Amino acid sequence: KVKMVQEGALPALIALLRSPLETIQEQAAVAVRNISVNSDYDVKMVQEGALAPLVAMLSASNEVIQEHAAGALRNLSVNNENKAKIVAKGALPRLFALVRSGNEAIQEHAAVALRNLSVNPDNESKMVEEGGLPPLLAMLRSDDELIQLQAAVAIRNLSFSPENEVRIAAENGIVPLVAALRSTDPKIHEHVLVTLRNISSNQDNKVRIVQEGALAPLVFLLRSTADLIPQLAAGVLRNLASNLVNQVKIVQEDALPPLLGLCRAQNVAIVEQAVGCLRNLSVNAENEVKIVAANGLPVIMQCLKMEDRAVQEHAAVIARNLSVNGENKVKMV
């Protein structure tokens, strides 16, 4: 590969991508894809004009050509300089079409390429504007966990845009996101939880997420042993708990025991999310009693003594809310 590039083979191979003969196109695509595995040549290949013919090949009738072109673009899309350029060449609609391909290899290459392209903030709005959400959300329903994972990452990246918080819900994205919480793959959990955390800052989405059955799997994930998962699940519940109706439902789903357990975690970031969620839940009068009944007072007192200011503040607000109840005042003293 190195010698081929050093000997000036790239321009010739890229020119052959435009050959009128499919057999030559195919062989050139294989060679270009193989060279694109070497990240040292990512920028050089684009500078030599590889993007336009590769993007055109995504619409080829020959699946072998489609596969190698998609594979090459998958590799090239890892490079940050190339992400915007690939989109500018019109790759998005073709990649969206290929994630619906019946060919699993093509589907995988297209899915990973879209995941890579979604990392670029400039591509976030373009991916949505060009119709990317429906195919990405459909990928979340795939039986192939690798495809699900690529979709979960791409949707996560798109969800950081405030505009996309609304668009994801408008495209009926909450249903497949909630369903993905029941995956057995913690990596899928992680990315879906970040998406739900982001979109749950929207008031309407808070209601819809709960309506679609998210509470049970979220409470279950509070007990996960995987890194980040309990913290992220607590973060989503914390956002949802700012809704008055959700405050009751979250406690009814038996969220208090695992949330109180997380308040004893060694990781302060986990504690901050859990106690922040409890702070929101403690606004409800019924929950004031239930938090104390769940032996929450010693936990809150412990949080008051922690050095982290955010944890202290949440715990102090909880103590204030609990003290409104007459029976709680006596127990607190």
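This structure is a prediction, so every number in the text was calculated from the model and none was measured.

Re the packing of helix α6 (residues 63-76) against helix α9 (residues 104-117)
Here α6 crosses α9 at 25°, and the two axes come no closer than 8 Å. Regarding the angle of α6 to α9, the classification is roughly parallel. As for the relative orientation of α6 and α9, their crossing is left-handed in sense. Listed contacts from α9 to E63, Q66, E67, A70, G71 and R74 of α6 are A105, I106, E108, H109, V112, A113 and N116. In the contact of α6 with α9, the residues fall into 5 nonpolar, 4 polar and 4 charged.

Notes on the nonpolar core
The biggest cluster of nonpolar side chains holds 110 residues, and the ones touching the most others in it are L54, L193, L237, L240, L259 and L281. For this core, the element with the highest residue contribution is helix α12 (residues 145-158), accounting for 8 residues. With sequence-adjacent residues up to four places away left out, L54 is seen in contact with L17, V32, A69, A72, L73 and L76.

Quick notes on helix α18 (residues 229-240)
In this model α18 runs 17 Å from its N-terminal to its C-terminal C-alpha over 12 residues, within 8% of the 16 Å that 1.5 Å per residue would give. A large share of α18 lies buried, amounting to 10 of its 12 residues. Looking only at α18, the buried set comprises I229, P230, Q231, L232, A233, A234, G235, V236, L237 and L240. Buried residues along α18 sit in contact with α15 (186-199), α16 (203-211), α17 (215-221), α19 (244-252), α20 (256-262) and α21 (268-281).

Thresholds applied
Residues numbered from 1 in each chain as written. Predicted model: local features only at pLDDT ≥ 70, side-chain atom pairs only at ≥ 80, totals over all residues. Heavy atoms only, no water. Axes fitted to C-alpha atoms, helices over the stretch in contact; angles between N-to-C directions. Helix = DSSP H or I, 4+ residues; strand = E, 2+ residues; numbered from the N terminus. Parallel < 35°, antiparallel > 145°, perpendicular 65-115°, else oblique. Left-handed = near helix turned anticlockwise from the far one by under 90°. Contact = heavy atoms within 4.5 Å. Nonpolar A, V, L, I, M, F, W, Y, C, P; charged D, E, K, R; others polar. Core = buried A, V, L, I, M, F, W, Y, C linked by side-chain atoms within 4.5 Å. Buried < 20%, exposed > 50% of the residue type's maximum accessible area, 1.4 Å probe, protein only. Expected span 1.5 Å × (residues − 1).

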